[in-house]
Amino acid sequence: VQLQASGGGPVQAGGFLRLSCAYSRRSSGRFVMGWFRQPPGKEREFVAAINWGDRTTSYADSVKGRFTISRDTAKNTVYLQMNSLKPEDTAVYFCAAEGTLIRSSWSNPMAYDYWGQGTQVTVSQ
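Residues numbered from 1 in each chain as written. Predicted model: local features only at pLDDT ≥ 70, side-chain atom pairs only at ≥ 80, totals over all residues. Heavy atoms only, no water.

Regarding the pattern of salt bridges
Summed over all chains, the structure comprises five salt bridges. Asp89 is the salt-bridge partner of Arg37, the closest N and O atoms lying 2.9 Å from each other. Of the two residues, Arg37 sits in strand β4 (residues 32-38) while Asp89 sits in the loop between β8 (77-82) and β9 (91-99), which places them 52 residues apart along the sequence. Of the two residues, Arg37 and Asp89, both sit in the buried class. Note that Arg66 and Asp89 form a salt bridge whose closest N and O atoms lie 2.7 Å from each other. With Arg66 in the loop between β6 (57-59) and β7 (67-72) and Asp89 in the loop between β8 and β9, this residue pair connects regions lying 23 residues apart in the sequence. Arg66 sits in the buried class, given a relative accessible area of 10%. Residues joined in a network through salt bridges with shared partners are Arg37, Glu45, Arg66 and Asp89. (Salt bridge = Lys/Arg side-chain N within 4 Å of Asp/Glu carboxyl O. Helix = DSSP H or I, 4+ residues; strand = E, 2+ residues; numbered from the N terminus. Buried < 20%, exposed > 50% of the residue type's maximum accessible area, 1.4 Å probe, protein only.)

In structure tokens, the structure reads:
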């Protein structure tokens with residue numbers, strides 16, 4: 001199983017980035033993909049998640065209205081479009097796969113079976 005995240009980098013506040021995460025295990029069915037992030041010196045935190053089958057989504061309050069999670073079944077890829085970036089969005093971003101289908105648990109890192117390597121996002125003033 002491979003999760004390959006990409007798209008991070010430096011950006012100025014107010015800018016945008018799009019993260020991508022390619023998932024090799026499967027491309028159909030009901031499963032959940034998520035994005036988490038770990039700011040410097042802090043715990044890993046939930047960002048967004050999507051049900052691959054019905055495209056139901058969930059977001060952390062801190063990113064609602066700025067970030068959008070989506071998926072492309074043809075490319076087996078989940079995306080995180082990040083707009084209006086703020087310095088507090090600076091973190092290593094991780095994608096996760098095969099999360100529980102129970103939506104109330106999507107924000108729990110323990111609910112996911114597979115993790116990709118992180119990609120660094122640095123937002124400067």
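Side note on the side chain of Arg37
Taking relative accessible area as the criterion, Arg37 reaches 4% and is therefore assigned buried. Among the polar contacts listed, one links the side chain of Arg37 to the side chain of Ser62, at a separation of 3.5 Å. A polar contact of 2.9 Å, which involves the side chain of Arg37, links it to the side chain of Asp89. In this structure, Arg37 is in contact with Glu43, Arg44, Glu45, Val47, Ser62, Val63, Phe67, Glu88, Asp89, Ala91, Val92 and Tyr93, ignoring residues within four places of it in sequence. (Polar contact = N/O pair within 3.5 Å; in protein donor to acceptor, adjacent residues only side chain to side chain. Contact = heavy atoms within 4.5 Å.)

Brief notes about the nonpolar core
Within soluble globular proteins, side chains that are nonpolar generally end up buried alongside one another. Counting residues in hydrophobic clusters, the biggest one holds 37 residues, and the most contacted among them are Met33, Trp35, Leu80, Met82, Tyr93 and Tyr112. Listing elements by their share of this core, those giving two or more residues are β1 (3-6), β3 (17-23), β4, β5 (45-51), β7, β8, β9 and β11 (119-124). Excluding residues within four positions of it along the chain, Met33 makes contact with Leu3, Cys21, Tyr23, Ala48, Ala49, Ile50, Trp52, Ile69, Val78, Ala96, Ala97 and Tyr112. (Core = buried A, V, L, I, M, F, W, Y, C linked by side-chain atoms within 4.5 Å.)

What to know about the state of the cysteines
Under the definition given, this model contains one disulfide. Here Cys21 is linked by a disulfide to Cys95, with a sulfur-sulfur distance of 2.0 Å. Because the torsion about its S-S bond is 55°, the bridge between Cys21 and Cys95 counts as right-handed. One end of the pair, Cys21, is in strand β3; the other, Cys95, is in strand β9, with 74 residues separating them in the sequence. A relative accessible area of 0% places Cys21 in the buried class. Look at Cys95 and you get buried, because its relative accessible area is 0%. (Disulfide = S-S within 2.5 Å.)

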